[in-house]
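Letter by letter, the chains look like this.
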Amino acid sequence: MKNNMIDAKRIRLGKKTYFDVTNNGSVVPSVDAYAFLINVNGTYVNPFNLAEEVPIFDRVPYSNTTLDGEDYGTKIELAQGDLKSGECYVLEKMDISEYYGKDEMSLGMLEDIIIASNKFFIDRIGLLEEKGGSPRRKHIARRKILDDKIKLKKFKDFIEECRKDEDYRLIK
């Protein structure tokens, strides 16, 4: 990293979801939640939440197939962490450098992308609440924070429902 720039090839978009060990797969969330993850010496870290430690999965280049030969989604494999039920990230296949047209990016550039994005980024609330700015930007920030808090509650409800479903299956 020179001049606080990060090689864009090391930045991945992660979709936060729930991994269910019993069914050996991730559950499709009711709310799509994302974060940028940076590969630092073979370990993915969320630069906006360094304390977060959840399993990270990557998609393999082939799909899951039923015994009848019907494809039903892509298979994922554990890329980092312990194989356990709970919150996780599934890395998207998006090439950040190609998508944003930059070979290198700073954390400030990633913050700007998160703040401006139409996608729900799990870390945006914290970024918006700590940022100042013009009255117009503060007004836009208040709207996004409100929308994101609603999405965050739905996402947390989804995670809690997944936990309850798994607990119920374990009790049966």
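Everything below is about the structure printed above this text.
Parameters and conventions
- Residues numbered from 1 in each chain as written.
- Predicted model: local features only at pLDDT ≥ 70, side-chain atom pairs only at ≥ 80, totals over all residues.
- Heavy atoms only, no water.
- Helix = DSSP H or I, 4+ residues; strand = E, 2+ residues; numbered from the N terminus.
- Buried < 20%, exposed > 50% of the residue type's maximum accessible area, 1.4 Å probe, protein only.
- Polar contact = N/O pair within 3.5 Å; in protein donor to acceptor, adjacent residues only side chain to side chain.
- Contact = heavy atoms within 4.5 Å.

Right, let's get into the overall build of the protein chain. A count of helices and strands for the protein chain gives 4 helices and 10 strands. Put simply, the protein chain runs from its N terminus to its C terminus through helices and strands in the order β-β-β-β-β-β-β-β-α-β-α-β-α-α. The proportion of buried residues among the 172 residues of the protein chain is 40%.

Structurally, Leu127 can be placed in helix 3 (residues 124–130). The exposure class assigned to Leu127 is buried, which follows from its relative accessible area of 4%. Spatially, the C-alpha atoms of Leu127 and Ile145 are 9.7 Å apart, while their sequence positions differ by 18 residues.

For the rest of this paragraph, the subject is the side chain of Thr17. Relative to the helices and strands, Thr17 is located in strand 2 (residues 11–20). A polar atom in the side chain of Thr17 sits 2.4 Å from the backbone oxygen of Val27. If we ignore the near neighbours within four places in the chain, the residues touching Thr17 are Ser26, Val27, Pro29, Gly86, Glu87, Cys88, Val90, Phe155, Phe158 and Ile159.

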